[in-house]
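Structure assessment
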Amino acid sequence: MGRTVTIFDTTLRDGEQSPGCSMNLQEKLEVAKRLELLGVDVMEAGFPASSPGDLEAVKTIAGIIKNSTVAGLCRCLEKDIDAAREALGNAVSPRVHVFLATSPIHMEYKLKMTADQVLAQAIASVKYAKKFCSDVEFSAEDAFRSDPDFVCKVFGAVIEAGATTVNFPDTVGYALPDEFGARIKYIKEHTPGMGKAKLSVHCHNDLGLAVANSIAAVVNGAEQAECTVNGIGERAGNASLEEIVMALRVRKDMLDVDTKIDTTQIYTASRLVSQVTGVKVQPNKAIVGDNAFAHEAGIHQHGVLANRATYEIMTPESIGIPKNRMVLGKHSGKHAFEDRLKDLGLSVDSKTLETVFGDFKNLADKKKVVSDRDIEALVMGASASV
Ligand code: KIV
Ligand code: ZN
């Protein structure tokens, strides 16, 4: 029996922090419901102290999500933790997530604090959060560029203070997979009391290695992976949820590690996040890109027609792309059109549906086949003009 890794989704917090990705309350709610269907263990709904709107969004999500833990991010400040307390009050399973940087560059230039001050503030914040929430996560921001023994010391102290998860972020995406894996092994083996908390990783994608680093960490004992749908996030983004989950699922033979994610919900979740943020998924993106299951070369097409496994290591259906998808053209009716909107994770009110369906018919008169991209563009156009 293999291990199960906790999936901590931060699309609504770190994902939302990326340029142009901010979402309104309604959009955040829709994404939260999708994440619950996907089966994420934890969803970070926002950063309650960052704005009244974010506090409201976390509060609303905390009130409706029943099957995932809902987390709120806080700096190691009492006023931030108080805001999280207010926002998470109605959650079935709340988590307070406090963070403080531990790298020399962040401590000196950003925090203007000594290592001892950082240690004391981390402990005090975890103790403060613990007064009202049993589930507390501590993140050592920029952990990968920190002195590993200092991180072990801080992690040991916050575990002693009650932290139930300690998170090791590669905040600037600087690590290489082998060294990241080795670092996680070191942290796990040298942190006092590590058996009382889960070790988590949070990788950014500045060198395009966020998923590889997360997998290396899992192989070396990390028990939680933090990620976002479509890999959206600060700068080059965060580790992509769908890539981590499918890498573990497809290579379970090798790794013997899995997640509780319902992978058949991946495609719809990806489309919804793309629609609400307006950030398109690149066509060659692994798992969810338009070309991920497309075969252009004749020799490939021939192989796939004989047996899909010749050129496909997973099935489109396993991530929720229906097998026998109907082609949409000028003869298609409104039911087929509405079904496709649902498959694409696009939700529109009845008035917008009428408009978009009319636009679709006009386009279908000009084009033989209307693609998913065309439909997404029609919905975005109609939503923008409402
Ligand atoms: O990248 C980072 O270090 C973070 C922390 C707040 C977890 O997002
Ligand atoms: Zn981050």
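Residues numbered from 1 in each chain as written. Chains lettered and ligands numbered in written order. Predicted model: local features only at pLDDT ≥ 70, side-chain atom pairs only at ≥ 80, totals over all residues.

Concerning the site of ligand 1
Close to ligand 1 lie Asp14, Phe99, Ser139, Glu141, Asn167, Pro169, Thr171, His202 and His204. Looking at the shell around ligand 1, the elements with two or more residues in it are β6 (136-141) and β7 (165-170). Of the residues contributing to the shell around ligand 1, the split by class is two nonpolar, five polar and two charged. (Near = placed C-beta within 6 Å. Helix = DSSP H or I, 4+ residues; strand = E, 2+ residues; numbered from the N terminus. Nonpolar A, V, L, I, M, F, W, Y, C, P; charged D, E, K, R; others polar.)

Brief notes about unusual backbone geometry
Keep in mind that most residues, glycine aside, have a negative phi and that most peptide bonds are trans. Residue aspartate 142 is not a glycine yet carries a positive backbone phi of 60°. Counting through the fold element by element, aspartate 142 comes out in the loop between β6 and α7 (148-160).

Here's the deal with the environment of isoleucine 261
Position of isoleucine 261 among the secondary structure elements: in the loop between β10 (257-258) and α12 (266-277). Accessibility expressed as a C-beta count within 10 Å gives 23 for isoleucine 261, which makes it buried. The spatial distance from the C-alpha of isoleucine 261 to the C-alpha of alanine 377 is 29 Å, given a sequence separation of 116 residues. If near-sequence neighbours (up to four positions away) are discounted, isoleucine 261 is found in contact with Ile7, Leu38, Gly39 and Val245. (Buried ≥ 20, exposed ≤ 12 C-beta atoms within 10 Å, placed from the backbone. Contact = placed C-beta atoms within 7 Å.)

Notes on the nonpolar core
Grouped together as the largest cluster of nonpolar side chains are 97 residues, with contacts concentrated most on Met43, Ala45, Val98, Ala225 and Ile244. Ranked by residues supplied to this core, first place goes to helix α9 (residues 210-219) with seven residues. Not counting the four nearest positions on each side in its chain, isoleucine 244 is found in contact with Val211, Ser214, Ile215, Ala225, Cys227 and Ala239. (Core = buried A, V, L, I, M, F, W, Y, C linked by C-beta atoms within 7 Å.)

Things to note about the sheet that holds β7
In spatial order, the strands read β2-β3-β4-β5-β6-β7-β8-β9; together these eight strands close into a barrel with parallel pairing. Sheet twist, expressed as the average angle between the axes of neighbouring strands with direction ignored, equals 25°. The sheet contact formed by strand β8 (residues 198-203) and strand β9 (residues 224-227) spans three bridges and is parallel. By the bridge assignment for β9, histidine 202 is matched with glutamate 226. In this fold helix α8 (residues 177-190) packs onto β7 and β8, with an angle of close to 155° to the strand it touches most, β8. (Pairing = 2+ DSSP bridges. Axes fitted to C-alpha atoms, helices over the stretch in contact; angles between N-to-C directions.)

Some remarks on the environment of valine 281
The residue valine 281 is located in the loop between α12 and α13 (298-306) in this model. Residue classification places valine 281 among the buried positions, given that 22 C-beta atoms sit within 10 Å. Sequence-distant contacts of valine 281, defined by excluding residues within four places in its chain, comprise Asn230, Ser270, Ser274, Val288 and Gly289.

Side note on the UniProt feature "binding site: Mn(2+)" (unreviewed entry) in the protein
If you check UniProt for "binding site: Mn(2+)" (unreviewed entry), the listed places come out as Asp14, His202, His204 and Asn238 in our numbering. What stands out for the annotated residues spanning 225 residues is how close their C-alpha atoms remain, the widest pair being 10.4 Å apart. Among the structural elements, histidine 202 can be located in strand β8. Residue histidine 202 is classed as buried on the basis of its C-beta count, with 30 C-beta atoms lying within 10 Å. Here histidine 204 lies in the loop between β8 and α9. Looking at histidine 204, the number of C-beta atoms within 10 Å reads 25, which means it is buried. Not counting chain neighbours up to four residues away, the residues in contact with histidine 204 comprise Asp170, Thr171, Val172, Gly173, Ala210, Gly233, Glu234, Arg235, Ala236 and Asn238. (UniProt positions renumbered as here; feature names shortened; annotations may be inferred.)

Points about the packing of helix α2 (residues 25-38) against helix α3 (residues 52-64)
The geometry of a pair of packed helices is captured by two quantities: the angle between their axes and the separation between those axes. Two numbers describe how α2 lies on α3: the axes approach to 10 Å, and their chain directions differ by 35°. Crossing handedness for the pair α2 and α3: right-handed. Between α2, through Leu25, Lys28, Leu29 and Ala32, and α3, the contact on the second element is made entirely by Glu56, Ala57, Thr60 and Ile61. Tallied by class, residues from the contact of α2 with α3 come to five nonpolar, one polar and two charged. (Left-handed = near helix turned anticlockwise from the far one by under 90°.)

Topic: the UniProt feature "domain: Pyruvate carboxyltransferase" (unreviewed entry) in the protein
Here, the residues flagged by UniProt with the feature "domain: Pyruvate carboxyltransferase" (unreviewed entry) are residues 5-267. Between the C-alpha atoms that bound residues 5-267 there is a distance of 21 Å. The span itself is 45% helix and 18% strand.

Concerning α9
Burial analysis of α9 places nine of its ten residues in the buried class, the great majority of the element. For α9, the full list of buried residues reads Ala210, Val211, Ala212, Asn213, Ser214, Ile215, Ala216, Ala217 and Val218. Packing partners of the buried residues in α9 comprise β7, α8, β8, β9, α10 (241-250) and β10. Positive phi shows up at glycine 221, right after α9, with a value of about 115°.

Considering the environment of isoleucine 232
Relative to the assigned elements, isoleucine 232 resides in the loop between β9 and α10. Between the alpha carbons of isoleucine 232 and valine 136 there is a distance of 25 Å; along the sequence they are 96 residues apart. Once you skip the residues sitting within four places of it in the chain, isoleucine 232 turns out to touch Thr11, Gly15, Ser18, Cys21, Gly237, Val273, Thr277 and Val279.

Some points on the pairing of strand β4 (residues 69-75)
Extensive coverage of β4 is indicated by the burial of six of its seven residues. What joins strand β3 (residues 42-46) to β4 is α3, and the crossover it makes is right-handed. (Right-handed = clockwise from strand over helix to strand, strands pointing away.)

Considering the packing of helix α6 (residues 115-130) against α7
One can describe the packing of α6 onto α7 by two numbers: an axis separation of 9 Å at closest approach and a directional angle of 25°. By the angle class used here, α6 and α7 are roughly parallel. For α6 against α7, the interelement crossing comes out right-handed. Across the interface between the two elements, Ala115, Leu119, Ala122, Ile123 and Val126 from α6 touch Phe150, Lys153, Val154, Ala157 and Val158 from α7. Counted by class, the contact of α6 with α7 contains nine nonpolar, no polar and one charged residues. (Parallel < 35°, antiparallel > 145°, perpendicular 65-115°, else oblique.)

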